[in-house]
Amino acid sequence: QVQLVESGGGLVQPGGSLRLSCAASGFTFSNYVMSWYRQTPGKEREYVAAIGGTTNYADSVKGRFTISRDNAKNTVYLQLNSLKPEDTAVYYCKLTMETGYYWGQGTQVTVSS
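Remember, it's a predicted structure, so these values are computed and weren't measured experimentally.

Asks: What is the right way to look at the state of the cysteines in this model?
Replies: When the sulfur atoms of two cysteines share a covalent bond, that bond is a disulfide. Under the criterion given, the structure shown has 1 disulfide. A sulfur-sulfur distance of 2.0 Å marks the disulfide that ties Cys 22 to Cys 93. Because the torsion about its S-S bond is 45°, the bridge between Cys 22 and Cys 93 counts as right-handed. Residue Cys 22 is located in strand β3 (residues 18–25), and its partner Cys 93 is located in strand β9 (residues 89–97); the two are separated by 71 residues in the primary sequence. Each member of the pair, Cys 22 together with Cys 93, is buried.

Asks: What's the story with the nonpolar core in this structure? I'm lost.
Replies: Nonpolar side chains tend to gather and get buried jointly when the protein is soluble and globular. By size, the foremost hydrophobic cluster in this structure holds 31 residues, and its most contacted members are Leu 4, Phe 27, Trp 36, Leu 78 and Tyr 91. Residue assignment for this core shows that the elements contributing at least two residues are β3, β4 (34–39), β5 (46–51), β7 (65–70), β8 (75–80), β9 and β11 (107–111). Sorting elements by how many residues they give to this core places β9 first, with 5 residues. Not counting chain neighbours up to four residues away, the residues in contact with Leu 78 comprise Leu 18, Arg 19, Leu 20, Trp 36, Val 48, Ala 49, Phe 65, Thr 66, Ile 67 and Tyr 91.

Asks: Would you explain the sheet that holds β7 in this entry?
Replies: Each strand in a sheet pairs with its neighbour through backbone hydrogen bonds, running either in the same direction (parallel) or in the opposite one (antiparallel). Across the sheet, 4 strands lie side by side as β1-β3-β8-β7; this open sheet has antiparallel pairing. In this open sheet, the two edge strands, each paired with only one partner strand, are β1 (3–7) and β7. Each adjacent strand pair in this sheet contributes to an overall mean axis angle of 15°, direction not counted.

Asks: Would you explain the side chain of Glu 6 in this entry?
Replies: In this fold, Glu 6 is placed in strand β1. Within the buried core, Glu 6 has no salt-bridge partner, and the shortest N-O distance to an opposite charge, that of Arg 45, equals 7.1 Å. Here the side chain of Glu 6 touches Gln 105 through a polar contact of 2.9 Å, landing on its backbone nitrogen. Here Gly 106 takes part through its backbone nitrogen, which lies 2.9 Å from a polar atom of the side chain of Glu 6. Ignoring any residue separated from it by four or fewer positions in sequence, one finds Glu 6 in contact with Ser 21, Cys 22, Trp 36, Tyr 91, Tyr 92, Cys 93, Gly 104, Gln 105, Gly 106 and Thr 107.

Asks: Looking at this model, I keep getting lost on the pairing of β9. Mind explaining?
Replies: A regular strand places its side chains so that they alternate between the two faces of the sheet. Counting buried residues along β9, 8 of its 9 residues qualify, which places the element largely inside the surrounding structure. Summarising the sheet, β4 and β9 pair through 6 bridges and their orientation is antiparallel. Note that in β9 the partner of Ser 35 across the bridge is Lys 94. Sheet analysis places β9 next to β11, joined by 3 bridges and oriented antiparallel. Along β11, the bridge assignment pairs Tyr 91 with Thr 107. Pairing between β9 and strand β10 (residues 100–103): 4 bridges, direction antiparallel. Note that in β10 the partner of Thr 96 across the bridge is Tyr 101. Counting the residues that bridge the hairpin from β9 to β10 gives 2 residues.

Parameters and conventions
- Each chain carries its own residue numbering, running from 1 in the direction its sequence is written.
- Where local features are concerned, this predicted model is filtered to residues with pLDDT of at least 70; where side-chain atom pairs are given and counted, the filter is 80 or more; whole-chain, interface and lining totals use all residues.
- Hydrogens and water molecules were not included; the side-chain quantities draw on all heavy atoms of the structure.
- Throughout, a disulfide means two cysteine sulfur atoms within 2.5 Å of one another.
- Counting from the N terminus, the helices are the DSSP runs of H or I reaching at least four residues and the strands are the DSSP runs of E reaching at least two.
- Remark: exposure states derive from per-residue accessible area (1.4 Å probe, protein chains only) relative to the maximum for the residue type, with buried under 20%, exposed over 50%, and partly exposed in between.
- For the purposes of this section, nonpolar cores are sets of buried Ala, Val, Leu, Ile, Met, Phe, Trp, Tyr and Cys residues that join through side-chain atoms within 4.5 Å.
- We call two residues contacting when some pair of their heavy atoms lies within 4.5 Å.
- Being paired, for any two strands, means DSSP has found at least two bridges between them.
- The axes used here are C-alpha line fits, helices contributing only the stretch in contact, and every angle between their N-to-C directions lies in the interval 0 to 180 degrees.
- Counted as positive: Lys and Arg. Counted as negative: Asp and Glu, with His and the chain ends omitted from the count.
- Any carboxyl oxygen of Asp or Glu within 4 Å of a side-chain nitrogen of Lys or Arg constitutes a salt bridge here.
- Pairs of N or O atoms are called polar contacts if they sit within 3.5 Å, as long as, within protein, a hydrogen donor faces a hydrogen acceptor (for residues adjacent in sequence, only side-chain-to-side-chain pairs).

Written out as C-alpha cells, the structure reads:
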C-alpha cells in the first residue's frame, strides 16, 4: 500500500535552513507528481511546492525553498532556506493519483530564536 514518511523537521533560528525528506513506497514513484503542503493550528493546509517534470512554488516560498526528487531513492525533498517565523508549521508531502490522494504524517518545523 502507499506509504509516505516525512522527516527532517526541527527547531531552527530565523535565517536558518532545513532539508525535509519524504520517503515513498507502494507505487511507481517516478510516474507521479509529488507536492509539499504545510499547516498551522486553526488554518487550512497550504500548498508549498510541487514537482513532476517541472517545479512549481507558492509565492510565499519562491526563491527560498527548493523542491527536488530522487527517483532512484523514491524520495522527494524540500530544502528550506532563509527561514522566517511564519514558516513554522507541520509540513506534509502529498501524492496525487488518478484514484485519489495520499498524505504523510507530517514533520514539524519551528522557526524561533
